[in-house]
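Letter by letter, the chains look like this.
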Amino acid sequence: MHYDVLVIGAGPGGCMAARELAERGFRVLLLEKGVLPRDKVCAGILTPGAKRLIEERFGGIPPECLDEPPVVRGAVLLCERGGDYMLPFGGEGLRIRRAALDAHLARRSGAEIWDGCEVLGFELGRFHVRVHLEMEGEERWVEATYLVGADGAEGLSSRLVRPEFHRLYAVPATERTMLVTTEGTASWDPEWMGLALLRRGLGLARFFCRGEEVGMAISFRGDRGWQGELEALENFLSQRISLRLSGSPARALASSNRMGSKGRFNLGAGCALLVGEAAGLLDAWGFGIRLALESGRVAAESIAESAGENVTPHLRYRYRMREILEREVSMLRRLSGVVGELDVSEIVASRSVRGKRDRRALRRRFVS
Ligand SMILES: Cc1cc2nc3c(=O)[nH]c(=O)nc-3n(C[C@H](O)[C@H](O)[C@H](O)COP(=O)(O)OP(=O)(O)OC[C@H]3O[C@@H](n4cnc5c(N)ncnc54)[C@H](O)[C@@H]3O)c2cc1C
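Residues numbered from 1 in each chain as written. Predicted model: local features only at pLDDT ≥ 70, side-chain atom pairs only at ≥ 80, totals over all residues. Heavy atoms only, no water.

Structural notes on the overall build of the chain
Applicable threshold: Each helix corresponds to a stretch of at least 4 residues labelled H or I by DSSP, and each strand to a stretch of at least 2 residues labelled E; elements are numbered beginning at the N terminus. A radius of gyration in this sense is built from C-alpha atoms; the matching globule rule multiplies 2.2 Å by the number of residues raised to 0.38. Residue burial is assigned from relative accessible area. The probe radius is 1.4 Å, only protein chains are included, and a residue is buried under 20% of its type maximum, exposed over 50%, and partly exposed in between. Contacts were defined at the residue level, with two residues in contact if any of their heavy atoms lie within 4.5 Å. To be clear on the numbers: accessible area is Shrake-Rupley with a 1.4 Å probe, and residue cover counts the displayed protein chains and nothing else. Counting rule applied: Lys, Arg positive; Asp, Glu negative; His and chain ends not counted. Where a charge lies is defined by one atom per residue type: Lys uses NZ, Arg uses CZ, Asp uses CG and Glu uses CD.
Assigned secondary structure in the chain consists of ten helices and 18 strands. For the chain, the C-alpha radius of gyration of 20 Å lies close to 21 Å, the compact-globule estimate for 368 residues. Dimensions of the chain, computed from C-alpha atoms along their principal axes, come out at roughly 60 × 40 × 40 Å. Put simply, the chain has 368 residues, and 57% of those count as buried. By sequence separation, contacts in the chain at least 24 residues apart represent 72% of the contacts at least 6 residues apart. Element-wise, carbon and sulfur atoms account for 47% of the exposed surface of the chain, whose accessible area totals about 15600 Å². Side chains of the chain carry 53 positive and 49 negative charges; the gap between the two charge centres is 8 Å.

Structure below.
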């Protein structure tokens, strides 16, 4: 069976690439190992930029994809050794149900979808891809001219397309996140998400409180270390926002590819383009949906523009992504104006000793 493009992964990056290509008349097959609607560990915040891209390319977001309360206005950053800062979005964000939203995007992509289908490996030629997969207990091969690797932080595309780059840069930058959700109460406005800059730990801890539900996400490297961080976050939040937990916690573990914080991205090679977290695209705060959508769109445009020419699309893709990558890297380094999609004016304007300390600590976390 021969397709124009095989897309691995029906997350936002894969669905956007599939839609852009299908709309231009390419024969696209979207391969997803989960059965749709599949779960994805996520805080469920759709930033205004991600919302705009979805509305532009997929139409309005249906109510069954929204969670309560649907509007998110930005984040509040609580610094353990310093102050609290409001970091508003430039517009309204949405609280979404990831499984429902991703399934909606896949349905609207216009591509043929094989879900419950795990890609086991692939072979790449100059204008030829052969993908080995397993579906309903059977192994088979499919072929195409181009490949889009949109299989996220834990996928195999990054490793197979540029093995040495993956080993040197993606593996050391892979961070684990434990998301714990439980019943509880806190003095918190549910229209804002929470970020905590703790003295110990890796990256920024994230939390949300809505109704009787509390969620806390802690990042760590290796297999150990999250229990201590989680306890530190719980103690900090119980003092700062009167957090009280009850009920039994549910845990979910996920990985993030943070190599972009060091200015390194794996955009693929030859006829195989990588998008979203497979490429190392995540913003400073750990939001990745907007960048997955943006890169999925640019990858599709690069393939469409290269088709028919005797050039593989990766050079065009790299060239077209340059501006987006420079923007993301410079936002990480300079901490002013808007970072990712959060307005950091309040922390930048703080002239106190505490404010300076918080800025320094935040900058260090961004590039760690
Ligand atoms: C705890 C946590 C909270 C987060 N919260 C937010 C948030 O609130 N807002 C936000 O913008 N970002 C958030 N992110 C980041 C965001 O989830 C990712 O950056 C985003 O989903 C990346 O999109 P993607 O399309 O690149 O990949 P993904 O959404 O990860 O999709 C990859 C898909 O590929 C499939 N796949 C993988 N391997 C194979 C294979 N071998 N064969 C077939 N299919 C395969 C997977 O099943 C998956 O469906 C969060 C991340 C974490 C860890």
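Quick look at the pairing of strand β2 (residues 28-32)
We apply this condition: Pairs of strands are assigned from DSSP output, requiring at least two bridges between the strands. Handedness of a crossover is defined as follows: with both strands directed away from the viewer, a clockwise route from the first strand across the helix to the second makes it right-handed.
Buried residues dominate β2, accounting for five of its five residues. Alternating positions in β2 separate into two faces, V28, L30 and E32 on one and L29 and L31 on the other, with burial throughout. Bridge analysis of strand β1 (residues 2-8) against β2 gives four bridges, and the strand direction is parallel. Residue pairing across strands places I8 opposite L31, the latter belonging to β2. Assessed by its sense of winding, the connection that carries the chain from β1 through helix α1 (residues 12-23) to β2 is right-handed. Pairing geometry for β2 and strand β6 (residues 112-115), over four bridges, is parallel. When the bridges of β6 are listed, E32 appears paired with D115.

A few points about the packing of aromatic side chains
To keep it simple, the criterion reads: Here a pair means two rings of Phe, Tyr or Trp (six-membered ring of Trp) with centres within 6.5 Å. Their orientation is stacked below 30 degrees between planes, edge-to-face above 60, and tilted elsewhere. Look at NZ for Lys and CZ for Arg. If either is within 6 Å of the ring centre and within 35 degrees of the ring normal, a charge sits over the ring.
Inspection of the entire model under this criterion finds four aromatic pairs. Summarising the aromatic geometry, the rings of F89 and F287 are spaced 6.3 Å apart at their centres and angled 50° between planes, so their arrangement reads as tilted. Pair noted here: F89 is in strand β5 (residues 84-96) and F287 is in the loop between β16 (272-274) and α7 (289-306), with a separation of 198 residues, a long-range link. For R27, the ring lying beneath its charged end belongs to Y3, and the centroid distance is 4.4 Å.

Quick look at the site of the ligand
Worth spelling out the cut-off: Consider each residue's heavy atoms; a residue with any of them within 4 Å of a molecule or strand counts as near. Pairs of N or O atoms within 3.5 Å make up the polar contacts considered here, provided that, within protein, one atom can donate a hydrogen while the other can accept it, and that residues adjacent in sequence are counted only when both atoms are side-chain atoms.
Surveying the vicinity of the ligand reveals 34 residues, the closest of which are G13, E32, R38, I45 and E277. Contacts to the ligand include R38, whose side-chain N or O atom sits 2.6 Å from an oxygen atom. Measuring from a nitrogen atom of the ligand, one finds a backbone N or O atom of V119 at 2.9 Å. In the complex, the protein chains occlude 95% of the 1000 Å² of accessible area that the ligand would expose alone. For the shell around the ligand, the elements supplying multiple residues, two or more each, are α1, β2, β7 (117-124), β14 (244-257) and α7. For the shell around the ligand, the element with the most residues is β7, which contributes three residues.

Details of the domain arrangement of the chain
Here is the rule: An automatic or database domain assignment supplies the start and end points of every domain. Accessible area that two parts lose when put together, with a 1.4 Å probe and added across both, is what the buried area reports. Just to be clear on terms, a salt bridge is a Lys or Arg side-chain nitrogen sitting within 4 Å of an Asp or Glu carboxyl oxygen.
Along its sequence, the chain is organised into domain 1 (2-70 + 94-172 + 258-334) and domain 2 (174-257 + 337-367). For domain 1 and domain 2, the distance between their C-alpha centres works out to 27 Å. Of the roughly 2800 Å² buried between domain 1 and domain 2 on both sides combined, carbon and sulfur atoms contribute 52%. Counting the surface domain 1 buries against domain 2, the share from its top three residues, V41, R258 and W285, is 30%. Scanning the region where domain 1 abuts domain 2 turns up four salt bridges.

Some thoughts on the environment of G152
By the element assignment, G152 lies in the loop between β9 (138-149) and α4 (157-161). The exposure class of G152 is partly exposed, given its relative accessible area of 25%. Here the alpha-carbon distance between G152 and G14, two residues 138 residues apart in the chain, equals 9.4 Å. Each residue touching G152, except ones within four places of it in the same chain, is listed here: E277 and A278.

A few points about the nonpolar core
Here is the rule: Think of a nonpolar core as a cluster: buried Ala, Val, Leu, Ile, Met, Phe, Trp, Tyr and Cys residues, connected wherever their side-chain atoms sit within 4.5 Å.
L46, W114 and V131 are the most contacted members of the largest nonpolar core, which has 69 residues in total. The biggest single contributor to this core is α7, with seven residues. Among residues more than four places away in sequence, those in contact with W114 are M1, Y3, L29, L30, L31, E32, L133, M135, R140 and V142. Membership of the second largest hydrophobic core comes to 25 residues, among which are M193, M331, A361 and F366.

Here we look at the pattern of salt bridges
Applying the stated rule across the entire model yields 28 salt bridges. Residues D67 and R210 are paired through a salt bridge, measuring 3.5 Å at the closest nitrogen-oxygen approach. Of the two residues, D67 sits in strand β4 (residues 66-79) while R210 sits in strand β12 (residues 202-210), which places them 143 residues apart along the sequence. Accessibility assignment for this pair places D67 and R210 in one class, buried. Via salt bridges that share partners, R19, E20, E23, R24 and R57 belong to a single interconnected network.

Some remarks on the packing of helix α2 (residues 48-58) against α7
Where we set the bar: Note on definitions: angles span 0 to 180 degrees between N-to-C directions of axes, and those axes are lines fitted to C-alpha atoms, for helices only across the stretch in contact. Angle categories are assigned with fixed cut-offs, so that under 35 degrees is roughly parallel, over 145 is roughly antiparallel, 65 to 115 is roughly perpendicular, and the rest are oblique. Two helices crossing with the near one rotated counterclockwise from the far one by less than a right angle form a left-handed crossing, whereas a clockwise rotation gives a right-handed crossing.
One way to put it is that α2 packs onto α7 with a least axis distance of 8 Å and a crossing angle of 40°. In terms of their interaxial angle, α2 and α7 are classed as oblique. Between α2 and α7 lies a crossing of left-handed hand. For the pair α2 and α7, contact is made by G49, A50, L53, I54, E56 and R57 and by I289, R290, L293, E294 and R297, respectively.

Remarks on the side chain of R19
The topology assignment puts R19 in helix α1. Excluding residues that lie within four positions of it along the chain, R19 makes contacts with R57, F58, R108 and S109.

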